[in-house]
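A look at the structure
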Amino acid sequence: QQQHQHRLAQTRHLTLRELVARLPPIRDHLRTLAILADGVGTRNLRGGKLLAAILRHSLDGDTAHSHLVRSIAADCSVPWYKMLFKWITQGVLEDFHSEFFVREMQLDHR
């Protein structure tokens, strides 16, 4: 039964009516990505500033929009959280862009 349905789905053509029914969610995702790119991408932000700008976009009242933006923010925040985890657990600060809220100081041992 399941194999038959799979074969049928592969050979079945997409009708114009089905295409029109499937397009709105795709259009909405593209609209969200365009809004995000226009609002964040044009400001040439990097690191934590970029992450903060993306998170601000997730505060939009549109649930579908904020869900997609939060998903993007979660993916973008992985390097930042890795840096934070390494600093907390190992005391190692690898802040290549000098954007972390902690600065490494060189001690003068006299």
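What this report covers is the structure whose coordinates are included nearby. Note that the coordinates shown come from a computational prediction; the quantities given were computed from them, not determined experimentally.

Next up on the list: the overall build of the protein. Scanning the protein from N- to C-terminus turns up 5 helices and 0 strands. In the protein, the order of α-helices and β-strands from amino to carboxyl end is α-α-α-α-α. Considering the protein as a whole, with its 110 residues, one finds that 17% of them fall into the buried category. Excluding contacts between residues fewer than 6 apart, the proportion of contacts in the protein whose partners are at least 24 apart in sequence is 29%. Only carbon and sulfur atoms are counted for the fraction: they give 59% of the accessible area of the protein, which is about 9,200 Å².

As a further point, take the packing of aromatic side chains. Scanning all chains against the criterion turns up 1 aromatic pair. Arranged with centres 5.2 Å apart and planes meeting at 85°, the rings of W80 and Y81 form a pair that is edge-to-face.

This part is about helix 3 (residues 47-57). The α-helix advances 3.6 residues per turn, and as a result positions three or four apart in sequence lie on the same side. All of the buried residues along helix 3 are L51, A53 and I54. Down the axis of helix 3, the sector holding all buried residues measures 160°, keeping them to one side. Projecting away from the buried face of helix 3 at angles above 90 degrees are the exposed residues K49 and R56. Here the buried face of helix 3 lies against helix 2 (16-40), helix 4 (63-76) and helix 5 (78-90).

About the thresholds
- Residues numbered from 1 in each chain as written.
- Predicted model: local features only at pLDDT ≥ 70, side-chain atom pairs only at ≥ 80, totals over all residues.
- Heavy atoms only, no water.
- Helix = DSSP H or I, 4+ residues; strand = E, 2+ residues; numbered from the N terminus.
- Buried < 20%, exposed > 50% of the residue type's maximum accessible area, 1.4 Å probe, protein only.
- Contact = heavy atoms within 4.5 Å.
- Areas by Shrake-Rupley, 256 points an atom, 1.4 Å probe, with all protein chains shown as cover.
- Phe/Tyr/Trp six-rings, centres within 6.5 Å; stacked < 30°, edge-to-face > 60°.
- Arc of directions from axis to C-beta.

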